[in-house]
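Spelled out from the first residue to the last, the chains are:
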Amino acid sequence: MTKSTSVAVSAPGKVLLAGGYLVLDRNYTGLVFGLDARIHIHVTPVRTVPGVVLSEIVVRSPQFLDAIWEYGYRVCAGEAGVQVTELRADADISLKRNIFIETALSFALSYISSLAPGMLPSASVTILADNDYYSTSGANVLAAERFHDFGVPLSEANKTGLGSSAALVTAFTAALLQFYLPDDVFDISQESSKRKLHNLAQAAHCAAQGKVGSGFDVASAVYGSCLYRRFSPSILASCGEPGKKGFAVKLRTVVDEIGKDAKWDTEIIKDAVKVPQGLRVVMCDVKGGSQTPGMVKTVLAWRSKHGESAEALWQNLQKANTDLAKELVQLAEARSQDYNALKECISNIRVLIREMGEASGVPIEPMEQTRLIDACSKLPGVIGGVVPGAGGYDAVALLIEDRPEVAEQLTTFVESWRFGGQGRASILGVRQEMQGVRLEQERDYRKWVI
Ligand SMILES: Nc1ncnc2c1ncn2[C@@H]1O[C@H](COP(=O)(O)OP(=O)(O)OP(=O)(O)O)[C@@H](O)[C@H]1O
Ligand SMILES: C[C@@](O)(CCOP(=O)(O)O)CC(=O)O
């Protein structure tokens, strides 16, 4: 049933410009931008000598040292799906589990086998991440290389927080479905296939993370920039796990939304998000800055303890967030360059975010970031900035006028910025991207595929 040809798929990273914490609750939404930093997956058949039966999937991430994972897999009895076992690719390389790859693989193969029982031929998978997913400080990289060789193991790479695991799970799942299933069953260019991909990638990403987050990162990896309302977490409650009796059937029921009350209630509103021509989103990575563990837990604990006052804050923030989305759409449609109202929308959000941080005792927009955002906002052509996602010390997202001199001046300014300690910041070369997952030309990647 496999196509004899290779396939390549890519999915974008993300930035949650507005709606951090709120988006965990279905009563609120998040404004999420896909970014033009993508994770690319190439799948190719493994050609075997006639008579030799192999059942292996080898996954390589050639930008990192020792990043090779070799899996054996078997279809379990009792419709329990496909269980994968990591094999030792090389006697000298110790087993290093990559839980996101392993989980995405067993979920995708379980789903595929539930649709089309039979042999799943061996394949070789290559992961290529656009360079901005990792900081290159200290790495010996050639700027001109489309995909850097980071020269370190994946565990030592410094992530820039663009959502690599969600883009990876989404692109990886899409590539396997596209590779193993006939086009009339799965075709990534069709909306119905995208919806199934979304459901399957959310299920796999939650299982790999060991928790059910809001899923905005997987949603934007599939659909690109959008206003996002999360799915009810109960949808995934009945899914089970690979190797457990009935898993394949349960997974298929969830992914294909079979039966009464099976519909996913995710809302993806594409039209509610626009970036006016003449503006762009930029990401500022703060090296040495980190996210405080337990931020989400602490904020949610504060919220549940402070009933009405927390609810009022959530509602005010929701209004400020939707005002920002509306203003962006309005500017895009009117082709206006009057950014005063936009500046005010951003400032309103920041006031409320700081209120949330102070009330809950969590550094969502810490003083250091306030100073940085305020200083950047004074530069010509910079409209304003926010701490994206959960906030903290590690990143800032800015809206700027899309002129080279604005980005250049901002880059120089940010690079000379010093935090109290030794933290440093840099501007990443990414911008917003409206499109989500997409099929790529597989020949474009052959240079990096072993
Ligand atoms: N290029 C890659 N090759 C192989 N695995 C990768 C790659 N990029 C990410 N991963 C997998 O994703 C994991 C990182 O996921 P994690 O959720 O910690 O980061 P993230 O998604 O980038 O986070 P954030 O939400 O802060 O942006 C890695 O440990 C690895 O399992
Ligand atoms: C705090 C939260 O709302 C956003 C986290 O975003 P990020 O991982 O910081 O980009 C959590 C979530 O939505 O799953």
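Residues numbered from 1 in each chain as written. Chains lettered and ligands numbered in written order. Predicted model: local features only at pLDDT ≥ 70, side-chain atom pairs only at ≥ 80, totals over all residues.

The name an unreviewed UniProt entry gives the chain is Phosphomevalonate kinase, with Myriangium duriaei CBS 260.36 as the organism. In UniProt, the chain has this text filed under Pathway (unreviewed entry): "Isoprenoid biosynthesis; isopentenyl diphosphate biosynthesis via mevalonate pathway; isopentenyl diphosphate from (R)-mevalonate: step 2/3." The Catalytic activity (unreviewed entry) field of the UniProt record for the chain holds the comment "(R)-5-phosphomevalonate + ATP = (R)-5-diphosphomevalonate + ADP". (UniProt positions renumbered as here; feature names shortened; annotations may be inferred.)

It is worth spelling out the site of ligand 1 at this point. Residues in close proximity to ligand 1 total 16 residues, the closest being Ser61, Phe100, Ala129, Ser164 and Ser165. Elements that contribute at least two residues to the shell around ligand 1 include exactly helix H1 (99-115), strand E6 (123-129) and helix H2 (164-180). Here the element with the most residues in the shell around ligand 1 is H2; it accounts for four residues. Of the residues in the shell around ligand 1, the class split is nine nonpolar, six polar and one charged. (Near = placed C-beta within 6 Å. Helix = DSSP H or I, 4+ residues; strand = E, 2+ residues; numbered from the N terminus. Nonpolar A, V, L, I, M, F, W, Y, C, P; charged D, E, K, R; others polar.)

One key point about sheets: their strands pair by backbone hydrogen bonds, in either a parallel or an antiparallel sense. Spatially, E12-E13-E11-E14 is the arrangement adopted by the four strands of the open sheet, whose pairing is antiparallel. Strands with a single pairing partner mark the edges of an open sheet, and in this sheet they are strand E12 (382-386) and strand E14 (424-427). Averaged over neighbouring strand pairs, the angle between their axes works out to 25° when direction is ignored. Both E12 and strand E13 (residues 395-401) contribute to a ladder of four bridges, which runs antiparallel. Pairing of Val382 across the sheet is with Ile400, part of E13. Here helix H10 (residues 404-415) sits on the sheet and contacts strand E11 (279-287), E12, E13 and E14; the angle it forms with E14, its principal contact strand, is near 165°. (Pairing = 2+ DSSP bridges. Axes fitted to C-alpha atoms, helices over the stretch in contact; angles between N-to-C directions. Contact = placed C-beta atoms within 7 Å.)

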